[in-house]
Amino acid sequence: SPGSVGTGAALKHFQDTGSKYPLAVKLGTITASGADVYSYAPDEDDMVKDPLLAEHLAFWGINIMDLQKTEKTVAEMEVELNRSFEFDRILESGAKLEPLSGA
C-alpha cells in the first residue's frame, strides 16, 4: 500500500492468483467501523471502501466486532509524515538561518 513499508507480498499474491483477488486488508487496522482496504485492480489501484467488509472477513473467520486496531492506518501515517515534513521545513532541518528583510 502507498504510504506503508512492506514486502510486496499482497501484490505478488494478486499476480500469482491470476489477478482474481484484488483486495488486500491491512489486518492491524480492522475495527467494527472498517479497515484499510487496498485494491490492486487496474481500474482502482488505490485505497477503497468495502461495504461488505464484515461479510468478506467473516468468510475467513474474522469477526470485526471482536477486533481492536493495533496498527496505524495509512491515513494516520500520511498525517504523521506531513506533520513531520512541515515541522522540518519550518525548522529548515536545523540549518542556521540568516535574518533578511523585504524588498
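Preceding this section is the structure that the text describes.
Cut-offs and rules
- Residues numbered from 1 in each chain as written.
- Predicted model: local features only at pLDDT ≥ 70, side-chain atom pairs only at ≥ 80, totals over all residues.
- Heavy atoms only, no water.
- Salt bridge = Lys/Arg side-chain N within 4 Å of Asp/Glu carboxyl O.
- Helix = DSSP H or I, 4+ residues; strand = E, 2+ residues; numbered from the N terminus.
- Buried < 20%, exposed > 50% of the residue type's maximum accessible area, 1.4 Å probe, protein only.
- Patch = residues over 30% accessible without salt bridge, like charges linked within 9 Å, V, L, I, M, F, W, Y side chains within 5 Å.
- Areas by Shrake-Rupley, 256 points an atom, 1.4 Å probe, with all protein chains shown as cover.
- Lys, Arg positive; Asp, Glu negative; His and termini not counted.
- Charge placed at Lys NZ, Arg CZ, Asp CG, Glu CD.

K.L.:
I'd love a proper account of the pattern of salt bridges, names of residues and values included.
P.N.:
What the rule picks out here adds up to four salt bridges. One salt bridge connects aspartate 16 with lysine 12, and the closest N-O pair in it is separated by 2.7 Å. With aspartate 16 and lysine 12 both in helix α1 (residues 9–16), this residue pair falls four residues apart, about one helical turn. Between lysine 26 and glutamate 71 there is a salt bridge, with its nearest N and O atoms 3.8 Å apart. Of this pair, lysine 26 sits in the loop between β1 (23–25) and β2 (37–39) while glutamate 71 sits in the loop between α2 (53–58) and α3 (74–91), and the two are 45 residues apart along the sequence. The class of glutamate 71 is partly exposed, set by a relative accessible area of 39%.

K.L.:
So what's going on with a negative patch on the surface? Residues and values would help.
P.N.:
A cluster of like negative charges, contributed by Asp43, Glu44, Asp45 and Asp46, occupies part of the molecular surface. Looking at where glutamate 44 falls in the secondary structure, it is placed in the loop between β2 and β3 (46–48).

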